Amino acid sequence: MSLPSQTFTITRADLVKYAEASGDHNPIHQDEEVARSVGLPGVIAHGMYTMALAARAVEAWFPGAEVVSLGCKFTNPVVVPRDGGVTIEVGGESKGTDDGLTTVALTVTCDGQKVLGMPKAVVRG
Amino acid sequence: MPVDQSLVGRVFPPTRPHTVTEEGLREFAAATGGEYAGRAPATYSIVLAFEAMNAFLESEQVDLFRIVHGEQKFAYERPILAGDELTATLTVAALRQIAGNDIITTSSEITDAAGELVCTANATLVHRGAA
């Protein structure tokens, strides 16, 4: 069963706030020069921030449900411009329920390109 | 400088106990645009796992800015709640080199004050070698 897609916008200010909350102060998420020095195309979002947005989509699809597992690969960086922001789209496909656990295959894209590899969540209830 | 191969299988000391507060959960939820709903957001465990990864990287003198996240998985035994006192213990599960980068696979077990497993956080870190 296909779940309605959700979109989220990521700005540089979001990354500053996320760094504070998560404790991940890696400068590649704040500083253009540092990011380019290690071969990245620019400031990139924390992979965990993108994953947190995917988790929000799961929460919206299954209100009140407990997330039992959540995982993905970070296959393409989400480049966040200095001005404005970048939009990601989270789609989902419920793969059915077994023993009270529902598996959800996610699709997370930015400009039509997948940014997470095989993102998957399992929820209870 | 490549990461030392002898690290595979090494268990690092547990992080100092982290008390989960409602305020901390609200702050984390707000930072990801969500709302606190009585338990920790699904990716909250990264706060614990990241502290363990940071301690590991510091002890191996790996620069954080050379690290990108390759893969992450959380498997929960139970939800994290305000009042939990948690520690993370990191094990280096695997290490390989691809195209001048180190691919470091870690597994952090997050346990509560009673020593019960709450969440296993498996992370693959990509250490980008100096060009």
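Residues numbered from 1 in each chain as written. Chains lettered and ligands numbered in written order. Predicted model: local features only at pLDDT ≥ 70, side-chain atom pairs only at ≥ 80, totals over all residues.

Novice: Report on the nonpolar core, specifying residues and quantitative values.
Specialist: Membership of the largest hydrophobic core comes to 70 residues, with the highest contact counts inside it found for Ala54, Val67 and Ile88 of chain A together with Ala49 of chain B. Per-element tally for this core: the top contributor is helix H3 (residues 47-61) of chain A, with nine residues. In this view, isoleucine 88 of chain A contacts Thr7, Phe8, Ile10, Thr50, Leu53, Val78, Val108, Thr109, Cys110 and Val115 of chain A; residues no more than four positions away in its chain are not counted. (Core = buried A, V, L, I, M, F, W, Y, C linked by C-beta atoms within 7 Å. Buried ≥ 20, exposed ≤ 12 C-beta atoms within 10 Å, placed from the backbone. Helix = DSSP H or I, 4+ residues; strand = E, 2+ residues; numbered from the N terminus. Contact = placed C-beta atoms within 7 Å.)

Novice: Any chance you could break down unusual backbone geometry for me, citing the residues and the numbers?
Specialist: All names here are of chain B. Backbone geometry places glutamine 61, a non-glycine residue, at a positive phi of 55°. Following the sequence through the fold, glutamine 61 ends up in the loop between helix H2 (46-59) and strand S2 (67-76). Since 8 C-beta atoms lie within 10 Å of it, glutamine 61 is described here as exposed. Here the phi dihedral of alanine 99 falls at roughly 50°; this positive angle occurs in a residue that is not glycine. Looking at alanine 99, the number of C-beta atoms within 10 Å reads 7, which means it is exposed.

Novice: Please set out the environment of alanine 57 of chain A residue by residue, giving values where relevant.
Specialist: Residues and elements named next belong to chain A. Mapped onto the elements of the fold, alanine 57 is located in helix H3. Remark: the alpha-carbon pair of alanine 57 and glycine 42, spanning 15 residues in sequence, is separated by 26 Å. Once residues within four sequence positions are removed from consideration, alanine 57 is found in contact with Gln6, Val90 and Gly92.

Novice: Account for the pairing of strand S3 (residues 85-98) of chain B, with residues named and values stated.
Specialist: Residues and elements named next belong to chain B. With two bridges connecting them, strand S1 (residues 18-19) and S3 associate as antiparallel partners. Following the sheet pairing, threonine 19 is matched in S3 by glutamate 85. From the end of S3 to the start of strand S4 (residues 101-111), which pair antiparallel, there are two residues, and alanine 99 there has a positive phi angle of about 50°. (Pairing = 2+ DSSP bridges.)

Novice: Outline the interface of chain A and chain B, listing residues and values.
Specialist: In this assembly, 32 residues from chain A lie in contact with 28 residues from chain B. Contributions of two or more residues to the side of chain A that touches chain B are made by helix H1 (12-22), H3 and strand S2 (66-74) of chain A. Tallied by class, the residues present in the side of chain A that touches chain B amount to 18 nonpolar, seven polar and seven charged. In the sheet, S2 of chain A pairs with S2 of chain B via five bridges, with the strands oriented antiparallel. Counted as the bridge partner of serine 69 of chain A is alanine 75 of chain B from S2 of chain B. (Nonpolar A, V, L, I, M, F, W, Y, C, P; charged D, E, K, R; others polar.)

Novice: For H1 of chain A, give the residues involved together with the corresponding values.
Specialist: Of all the positions in H1 of chain A, only Asp14, Leu15, Tyr18, Ala21 and Ser22 of chain A are classed as buried. Around the axis of H1 of chain A, the buried residues are gathered within 125° of arc, so they sit on the same side. Looking at the packing, one finds that the buried side of H1 of chain A touches strand S1 (2-10) and H3 of chain A together with helix H1 (22-31) and H2 of chain B. Phi for glycine 23 of chain A, located one or two positions after H1 of chain A, is positive at around 85°. (Arc of directions from axis to C-beta.)

Novice: Quick one: what's the story with the environment of isoleucine 98 of chain B, residue by residue and with numbers?
Specialist: Residue and element names in this part refer to chain B. With respect to the element layout, isoleucine 98 can be found in strand S3. Residue isoleucine 98 is classed as exposed on the basis of its 8 C-beta neighbours within 10 Å. Once the C-alpha coordinates of isoleucine 98 and arginine 128 are considered, the two residues, 30 residues apart in sequence, prove to be 9.8 Å apart.

Novice: Can you break down the environment of alanine 88 of chain B residue by residue, with the values?
Specialist: Residue and element names in this part refer to chain B. The residue alanine 88 is located in strand S3 in this model. Linking alanine 88 and serine 107, residues 19 residues apart in sequence, is a C-alpha distance of 9.6 Å. Among residues more than four places away in sequence, those in contact with alanine 88 are Pro14, Thr15, Leu48, Ala49, Glu51, Ala52, Ser108 and Ile110.

Novice: Hey, could you go over the confidence of the model for chain B for me, with residue numbers and the actual values?
Specialist: Per-residue pLDDT for chain B has a mean of 95; in total, 98% of the residues score no lower than 70. Scored by ipTM, the complex comes to 0.96, with pTM at 0.96. (pLDDT = per-residue confidence, 0-100.)

Novice: Before we move on, could you go through the packing of H1 of chain A against H1 of chain B and cite the residues and values that matter?
Specialist: Here H1 of chain A crosses H1 of chain B at 155°, and the two axes come no closer than 9 Å. One element, H1 of chain A, and the other, H1 of chain B, form an angle in the roughly antiparallel class. When the axes of H1 of chain A and H1 of chain B are compared, the crossing they make is left-handed. Residues Lys17, Tyr18, Glu20 and Ala21 of chain A of H1 of chain A touch H1 of chain B, and the partners they reach there are Glu27, Phe28 and Ala31 of chain B. (Axes fitted to C-alpha atoms, helices over the stretch in contact; angles between N-to-C directions. Parallel < 35°, antiparallel > 145°, perpendicular 65-115°, else oblique. Left-handed = near helix turned anticlockwise from the far one by under 90°.)

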